[in-house]
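Tertiary structure, described
One letter stands for each residue in the lines below.
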Amino acid sequence: LQVVAADRWGQGHFFEVLRRLSWPFPVLFMEDRPWPNNTCLRTMINNKHPGSSLFSYTGVGRRNDCKGPLFQAFTRWLRDLFPDVMSDSRKAAPCLNVTLPPGVRDPLAPRDQGRFIPKRPLVRNVVWMSRRDFEAMHLAEHPLSSWQSQRIIDNEPDLVAALHKAVLEWNARACFRQHSRKTIPAGETCRDSLLAFEFKDLEPFDAPLFPDQLSALGQASVLVGLHGAALANTYWMEPGKGAVIEILHNVPGQYHYDNMARWLGHTYQAVSCGGSSVKIEQAVAALKAAMDDVATRVK
């Protein structure tokens, strides 16, 4: 497979994806090396206008509960292209194109010398997809559209702090943490799981896709964000093992990311609100339910 770009858009945000899709062939930019006239291609896959894509072919105004095998295959293909940031947190990231000589021991392999080696917890990410810098930079140059403006919230710092606190409290209830510190009130039971979450506050506008964004998204099991294109990053999560929480702020009746989550086998929750702020208690409750759900599916 060789990726061919008709213009310079291919050198933008997703160039690393295109480069890995095309490997071992280079991405071909037609502006630099145009094919001769009447060139025939035996096989070609041509991307279509978004109106005809898997993402939106069902329309945005209705729910579709179908789990799409083609969509899930696409996600797994993307994840396989980036093994360096998609590996299990309990394992060392793979070294690409490295073969150890016979008899040479892998320095990263565990060494049992009679000492007790405890199990390591599996750490997955809860990622908050922010729009604050994207909105601020656009406002500095020109007014936002009415569609963009109605999704601005005025309590994002409080919301992020509450979500982060919820993650820490959820982690504190793990049984393996009770041996060193008592963090659960008397009479309540701990959670028998080695799963723990790390909270990531990610602003896609600030960081390159690779490695910065994918280092967070590749280990994500819960994605939280306002309705917007950033939630399309759901496709970086492992199919069937994640949860998506969409804050529908002044935008009722939108099923883009509801459908995408269902196609990929993730659970989906909507936090609907209006006015100028998000209902923090509702968002926190949704996050706790999402982490509980993920804990039953990620081992």
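Refer to the structure above for everything that follows.
Since the structure is predicted, the reported quantities are computational estimates derived from the model, not experimental observations.

The rules behind each value
- Residues numbered from 1 in each chain as written.
- Predicted model: local features only at pLDDT ≥ 70, side-chain atom pairs only at ≥ 80, totals over all residues.
- Heavy atoms only, no water.
- Helix = DSSP H or I, 4+ residues; strand = E, 2+ residues; numbered from the N terminus.
- Buried < 20%, exposed > 50% of the residue type's maximum accessible area, 1.4 Å probe, protein only.
- Contact = heavy atoms within 4.5 Å.
- Patch = residues over 30% accessible without salt bridge, like charges linked within 9 Å, V, L, I, M, F, W, Y side chains within 5 Å.
- Areas by Shrake-Rupley, 256 points an atom, 1.4 Å probe, with all protein chains shown as cover.
- Salt bridge = Lys/Arg side-chain N within 4 Å of Asp/Glu carboxyl O.
- Pairing = 2+ DSSP bridges.
- Axes fitted to C-alpha atoms, helices over the stretch in contact; angles between N-to-C directions.
- Disulfide = S-S within 2.5 Å.
- Phe/Tyr/Trp six-rings, centres within 6.5 Å; stacked < 30°, edge-to-face > 60°.
- Lys NZ or Arg CZ within 6 Å of the ring centre and 35° of its normal.
- Expected span 1.5 Å × (residues − 1).

Looking at the overall build of the protein chain
Per the secondary structure count, the protein chain includes 9 helices and 7 strands. Buried residues in the protein chain amount to 41% of all 299 residues. Relative to all contacts within the protein chain whose residues are 6 or more apart in sequence, the contacts with residues 24 or more apart total 70%.

Here we look at a nonpolar patch on the surface
On the surface, a cluster of nonpolar side chains totalling about 480 Å² of accessible area is made up of Leu-1, Ile-45, Phe-74 and Trp-77. On the secondary structure map, Ile-45 appears in the loop between strand 2 (28-29) and helix 2 (69-81).

A few points about the sheet that holds strand 7 (residues 267-273)
Reading across the sheet, the 5 strands line up as 4-3-5-6-7 and stay open at both edges, with parallel pairing between neighbours. Here the strands that pair on one side only, and so sit at the sheet edges, are strand 4 (195-202) and strand 7. Pairs of neighbouring strands in the sheet enclose a mean axial angle of 15 degrees, with direction left out of account. For strand 3 (residues 122-129) and strand 4, the ladder comprises 8 bridges, and the chain directions are parallel. The residue bridging Asn-125 from the neighbouring strand is Glu-198, located in strand 4. Along the sheet face, helix 7 (residues 209-217) touches strand 3, strand 4 and strand 5 (220-226) and points at about 115 degrees away from the line of strand 3.

Focus: the pattern of salt bridges
A full pass over the atoms with the stated rule returns 12 salt bridges. Of the charged contacts in the structure, one is a salt bridge between Glu-238 and Lys-241, with a shortest N-O distance of 3.5 Å. Between Asp-293 and Arg-297 there is a salt bridge, with its nearest N and O atoms 2.5 Å apart. Among the charged side chains, a salt-bridge network with shared partners connects Glu-16, Arg-19, Arg-20 and Asp-84.

Brief notes about the state of the cysteines
Scanning the model with the defined rule gives 1 disulfide in all. Each sulfur in the disulfide pair Cys-175 and Cys-190 lies 2.0 Å from the other. Its S-S torsion of about 90 degrees marks the bond between Cys-175 and Cys-190 as right-handed, since a negative value means left-handed. Here Cys-190 lies in the loop between helix 6 (156-172) and strand 4 and Cys-175 lies in the loop between helix 6 and strand 4, a separation of 15 residues in the sequence. A residue is classified by how much of its surface remains accessible, and Cys-190, at 32% relative accessible area, is partly exposed.

Describing the packing of aromatic side chains
Scanning the entire structure with this criterion turns up 8 aromatic pairs. Measuring from centroid to centroid gives 6.1 Å for Phe-74 and Tyr-235, while their planes differ by 70 degrees, and the two rings are edge-to-face. Here Phe-74, found in helix 2, pairs with Tyr-235, found in the loop between strand 5 and strand 6 (243-249); they are 161 residues apart in sequence, far enough to count as distant. Ring pairing ties together the aromatic residues Phe-74, Phe-82, Phe-210, Tyr-235 and Trp-236, which thus form one cluster. Its guanidinium or amino end placed over the ring of Phe-210, Arg-20 lies 4.6 Å from that ring's centre, counting from NZ or CZ.

Overview of helix 2
Counted at 1.5 Å a residue, the expected span for helix 2 with its 13 residues is 18 Å, and the 18 Å between its end C-alpha atoms agrees. Taken as a whole, helix 2 has its buried residues at Phe-71, Gln-72, Thr-75, Leu-78, Arg-79 and Leu-81. Buried positions along helix 2 lie against helix 1 (15-22), helix 3 (83-86) and helix 8 (256-263).

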